[in-house]
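Residue-level structural notes
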Amino acid sequence: MTLSEEELGEDLTGTRELRAPSRGRIVARRFFGSRQGRIGFAVLVLMFLLAFAGPMLSPWSYTDKDFTAFLQPPSAAHWFGTLQTGADVYAVTLRGMQKSLVVGLLAALVSTALAAVAGAFAGYFPGWTDRAVSWVTDLLLVLPAFLILAIMSPLFGAGKWVLFVLMLALFLWMVTSKIVRGMTISLKRREFIQAARFMGVPPITIIFRHVIPNLSSLLIVDATLNVSAAILTETSLSYFGFGIQPPDVSFGTLIADGSRTAVYAPWTFWFVAGLLVITVLAVNLIGDSLRDAFDPTSARAR
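Residues numbered from 1 in each chain as written. Predicted model: local features only at pLDDT ≥ 70, side-chain atom pairs only at ≥ 80, totals over all residues. Heavy atoms only, no water.

Further remarks concern the overall build of the chain. On a plain count of helices and strands, the chain comes out with 13 helices and zero strands. For the chain, the N- to C-terminal ordering of α and β elements is α-α-α-α-α-α-α-α-α-α-α-α-α. In the chain, which comprises 302 residues, the share counted as buried stands at 43%. For the chain, long-range pairs separated by at least 24 residues make up 70% of all intrachain contacts whose partners lie at least 6 apart in sequence. (Helix = DSSP H or I, 4+ residues; strand = E, 2+ residues; numbered from the N terminus. Buried < 20%, exposed > 50% of the residue type's maximum accessible area, 1.4 Å probe, protein only. Contact = heavy atoms within 4.5 Å.)

Quick look at unusual backbone geometry now. Not every positive phi belongs to a glycine, and Leu71 is a case in point at roughly 55°. With relative accessibility at 21%, the residue Leu71 sits in the partly exposed group.

Bringing the confidence of the model for the chain into the picture now. For the chain, per-residue confidence averages 84 on the pLDDT scale, and 89% of positions sit at 70 or higher. Averaged pLDDT values over the elements of the chain bottom out at 47 in helix 1 (residues 5–13) and peak at 93 in helix 3 (residues 35–53). The model gives residues 5–15 a pLDDT under 50, and that stretch makes one contact with residues more than four places away or in other chains. (pLDDT = per-residue confidence, 0-100.)

The next subject is the side chain of Gln36. The topology assignment puts Gln36 in helix 3. What makes Gln36 buried here is its relative accessible area of 19%. Of note is the side chain of Gln36, whose polar atom sits 3.2 Å from the side chain of Ser289. (Polar contact = N/O pair within 3.5 Å; in protein donor to acceptor, adjacent residues only side chain to side chain.)

This part is about helix 10 (residues 203–214). Over its twelve residues, helix 10 extends 15 Å from the first C-alpha to the last, a length consistent with the 16 Å expected when each residue adds 1.5 Å. By the burial criterion, the buried members of helix 10 are Ile206, Ile207, Val211 and Ile212. Taken down its axis, helix 10 places every buried residue within 140° of arc, on the same side. Among the structural elements, helix 4 (89–124), helix 8 (174–187), helix 9 (191–198) and helix 11 (216–239) are those in contact with the buried residues of helix 10. (Expected span 1.5 Å × (residues − 1). Arc of directions from axis to C-beta.)

A few words on the environment of Ala122. Mapped onto the elements of the fold, Ala122 is located in helix 4. For Ala122, a relative accessible area of 2% puts it in the buried group. Between the C-alpha atom of Ala122 and that of Val180, which follows or precedes it by 58 residues, the distance is 8.8 Å. Ala122 has contacts with Asp130, Val133 and Arg181, leaving out every residue within four places of it along the chain.

Bringing the packing of helix 3 against helix 4 into the picture now. At their nearest, the axes of helix 3 and helix 4 sit 8 Å apart, and the two run at 120° to each other. Here helix 3 is positioned oblique relative to helix 4, judged by the angle of their axes. Our pair here, helix 3 against helix 4, has a crossing hand that is left-handed. Contacts from Met47, Phe48, Leu50, Ala51 and Phe52 in helix 3 reach Tyr90, Leu94, Met97, Gln98, Leu101, Val102 and Leu105 in helix 4. Per-class residue counts for the contact of helix 3 with helix 4 are eleven nonpolar, one polar and no charged. (Axes fitted to C-alpha atoms, helices over the stretch in contact; angles between N-to-C directions. Parallel < 35°, antiparallel > 145°, perpendicular 65-115°, else oblique. Left-handed = near helix turned anticlockwise from the far one by under 90°. Nonpolar A, V, L, I, M, F, W, Y, C, P; charged D, E, K, R; others polar.)

Moving on, we get to the environment of Leu187. As for its placement among the helices and strands, Leu187 is situated in helix 8. Judged by its relative accessible area of 9%, Leu187 falls in the buried class. Along the chain, Leu187 and Tyr124 lie 63 residues apart, while their C-alpha atoms are 9.0 Å from each other. Ignoring anything within four residues of it in the chain, the contact list for Leu187 reads Phe192, Ile193, Val211, Asn214 and Leu215.

Within the largest apolar cluster, 37 residues are counted, with the highest numbers of intra-cluster contacts made by Met97, Ile231, Phe251, Leu276 and Leu290. The next biggest cluster of nonpolar side chains, apart from the first, holds 20 residues, and it includes Met167, Leu168, Met174 and Ile244. (Core = buried A, V, L, I, M, F, W, Y, C linked by side-chain atoms within 4.5 Å.)

Attention shifts here to the packing of helix 8 against helix 11. Direction vectors running N to C along helix 8 and helix 11 enclose 175°, while the axes themselves pass 11 Å from each other. One element, helix 8, and the other, helix 11, form an angle in the roughly antiparallel class. Judged by residue contacts, Thr176, Ile179, Val180 and Met183 of helix 8 engage Leu218, Leu219 and Asp222 from helix 11.

Below, the discussion takes up the layout of surface pockets. By volume, the largest pocket amounts to about 520 Å³. Surrounding the largest pocket, 27 residues form its lining, Leu83, Val249, Thr253, Leu254 and Asp257 being those nearest its centre. Among the elements of the structure, helix 11 and helix 12 (251–259) are those that each provide at least two residues to the lining of the largest pocket. Here the second largest pocket defines a volume of roughly 180 Å³. The wall of the second largest pocket is formed by Phe41, Leu44, Val45, Phe48, Leu101, Leu105, Thr224, Val227, Val283, Ile286 and Leu290. At the level of elements, helix 3, helix 4, helix 11 and helix 13 (267–294) are the ones that each hand at least two residues to the lining of the second largest pocket. Here the element with the most residues in the lining of the second largest pocket is helix 3; it accounts for four residues. Split by residue class, the lining of the second largest pocket holds ten nonpolar, one polar and no charged. (1 Å grid on protein atoms, 1.4 Å probe; cavity = no way out; pocket = protein on both sides within 12 Å on 5 of 7 lines; lining within 4 Å. Points joined across faces, edges and corners; volume = space filled by probe spheres on them.)

Next comes the structure, spelled out in structure tokens:
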């Protein structure tokens, strides 16, 4: 019995194509298959929702002052209590969380991008480019980053926090760039890189189209872990008055203010300190899970 052309076409079009899952799907399946990955992702999403949507639930802004409630404990009117100035702790804490999350994310992205480009160029061009990048990297590694940022703190005035982010990122990329440099030297000997070179593809195109994408697993994990490092660094600098400057607030400025009254007014300190610990813990859980998800030899990934 022969099939007609229509039946044959239906049979052919009805055939289900089998495709191998992409690497992204495999990594995502490994990541969300991990308990700590799911927990870290869920907690971080909740932190972002709380930081950016939470202020809409309160009648108080972080700039408002209640002159009838100075240093009052949590109540129906002020969910997290008030500060000595009458400011609502809930409102200023979420504002500080917003700033710290934005600073952490931007600093991590900028530092990782800088590490990827600098390390890839140093590894691909073994001459003066490698020596120049290595010299700058070694110089920044031995410079006292905290002292330099403290000296430059007068420049981080109100509305100039972007400059603070750039300076923070400038001291977070060096170690990763050295790792990228070594991996680039190894990738440069691979067959697909050699084939691209013999075909006349420009070196810069090879770096951005072949080298850096093949280091994506390292860079993604590094960017994730740099978020927590940037948040903690920003908190430390702001605690000593060298980071985010008034009238804006961040985790560091709030912890510095709350530490003075933590003994007799614990709500001014422990809410922001607790949210800082939870946020950094969630980011670290995500980073560890991503590292296992990208590593096919990891027992936890399997």
